[in-house]
Amino acid sequence: MTNKTKNVWLVIGFIIALLLCFRFAISNTLEQKEAYTKLKKQELLFKNTPKQMSLLKQKQIYFDSILTKYQLDGSSIQNNLLKTLNTFSETSNIRVISFLEPHIISKNDLTIKTYEFVLEGTYNDILKLIHKLEQQTKYGEIISLHFEKKKNFRTGKYYLQTKVLLKSFG
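Rules of the game
Residues numbered from 1 in each chain as written. Predicted model: local features only at pLDDT ≥ 70, side-chain atom pairs only at ≥ 80, totals over all residues. Heavy atoms only, no water. Helix = DSSP H or I, 4+ residues; strand = E, 2+ residues; numbered from the N terminus. Rg over C-alpha atoms; globule rule 2.2 N^0.38 Å. Buried < 20%, exposed > 50% of the residue type's maximum accessible area, 1.4 Å probe, protein only. Contact = heavy atoms within 4.5 Å. Expected span 1.5 Å × (residues − 1). Phe/Tyr/Trp six-rings, centres within 6.5 Å; stacked < 30°, edge-to-face > 60°. Lys NZ or Arg CZ within 6 Å of the ring centre and 35° of its normal. Salt bridge = Lys/Arg side-chain N within 4 Å of Asp/Glu carboxyl O. Core = buried A, V, L, I, M, F, W, Y, C linked by side-chain atoms within 4.5 Å. Patch = residues over 30% accessible without salt bridge, like charges linked within 9 Å, V, L, I, M, F, W, Y side chains within 5 Å. Areas by Shrake-Rupley, 256 points an atom, 1.4 Å probe, with all protein chains shown as cover.

Draft legend 1. Structural view of the overall build of the protein chain. Scanning the protein chain from N- to C-terminus turns up four helices and five strands. Put simply, the protein chain runs from its N terminus to its C terminus through helices and strands in the order α-α-α-β-β-β-α-β-β. A compact globule built from 170 residues would reach a C-alpha radius of gyration of about 15 Å, whereas the protein chain, at 35 Å, exceeds it by more than 25%. Across its three principal directions, the C-alpha atoms of the protein chain cover 125 × 40 × 25 Å. Residue burial in the protein chain is summarised as follows: out of 170 residues, 21% are buried. A sequence separation of at least 24 residues applies to 56% of the contacts in the protein chain between residues at least 6 apart.

Following this line, the structure appears as structure tokens:
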């Protein structure tokens, strides 16, 4: 054998030795390193669990206080909305003409309900009710207001009707 063939066999043997070392030693080490990093991440998650539980309990108390503040008790939003409309109409010059069933749309585990109702009364009273619905009760957002001036032909007087669309998530 010449020096050239000896060197070729030496390089080939070295490459085979590297592949065997990687196969039996280094790949196992890399797998164990990945498992170690995953376990360390899980350890951090479990270490923070009591702190996260206390934060979640505080959030629950806060959200419950918001629900009671904005008059959202255990019944449905539709019942609460109708109750709010009726109580406001008793104290002001507004009549609830119609209150239709909500239109429900589901997108990606999110339910969007659109409530449609018609009010009759003065412009200022209707705006006060709309402000109360959006700012004080938090039932949702008003997405459409359609004011229409109509005439009562029996009495010859004009009145204002408003069609309201309220969008709620949940």
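From this point, things continue past the structure.
Draft legend 2. The arrangement of helix H4 (residues 123-137) in detail. The end-to-end C-alpha distance of H4 is 20 Å, a good match for the 21 Å that 15 residues give at a rise of 1.5 Å each. Restricting attention to buried positions, one finds in H4 the residues Asp125, Ile126, Leu129, Ile130, Leu133 and Thr137. On its buried side, H4 packs onto helix H3 (77-91), strand E1 (94-99), strand E3 (110-121), strand E4 (141-152) and strand E5 (157-169). Positive phi appears at lysine 138, one or two residues downstream of H4, with a value of about 60 degrees.

Draft legend 3. Just the packing of aromatic side chains, in detail. A complete count under the given rule lists two aromatic pairs for this structure. For the ring pair phenylalanine 99 and phenylalanine 117, a centre distance of 5.8 Å and an interplane angle of 20 degrees mean the geometry is stacked. Taken together, the residues phenylalanine 99 in strand E1 and phenylalanine 117 in strand E3 connect sequence positions 18 residues apart. When sorted by exposure, phenylalanine 99 lands in the same class as phenylalanine 117, which is buried. Geometrically, the ring pair formed by tyrosine 123 and phenylalanine 147 is tilted, given 5.3 Å between the ring centres and 50 degrees between the ring planes. Of this pair, tyrosine 123 sits in helix H4 while phenylalanine 147 sits in strand E4, placing them 24 residues apart in sequence. What makes tyrosine 123 partly exposed here is its relative accessible area of 45%. Its end group placed over the ring of tyrosine 158, lysine 149 keeps NZ or CZ at 4.6 Å from the ring centre.

Draft legend 4. How the structure looks around the pattern of salt bridges. Under the defined criterion, the tally for this structure stands at four salt bridges. A salt bridge links arginine 95 to glutamate 120; the nearest nitrogen and oxygen atoms lie 3.5 Å apart. Remark: glutamate 120 occurs in strand E3 and arginine 95 occurs in strand E1; sequence separation between them is 25 residues. A salt bridge links lysine 167 to glutamate 141; the shortest N-O distance between them is 3.6 Å. Here lysine 167, found in strand E5, pairs with glutamate 141, found in strand E4; they are 26 residues apart in sequence, far enough to count as distant.

Draft legend 5. A look at the nonpolar core. Leu81, Leu85, Phe117, Leu119, Leu129, Leu133 and Leu166 are the most contacted members of the largest nonpolar core, which totals 17 residues. Within the residue set of this core, elements represented by two or more residues are H3, E1, E3, H4 and E5. Per-element accounting of this core gives the leading share, four residues, to H4. In this structure, leucine 81 is in contact with Phe99, Tyr115, Phe117, Leu133, Tyr139 and Leu166, ignoring residues within four places of it in sequence.

Draft legend 6. Spotlight on a nonpolar patch on the surface. Together, Met1, Val8, Trp9, Ile12, Ile16, Leu20 and Phe24 give the surface a local cluster of nonpolar side chains, amounting to about 810 Å² of exposed area. Of note, phenylalanine 24 is situated in helix H1 (residues 3-47).

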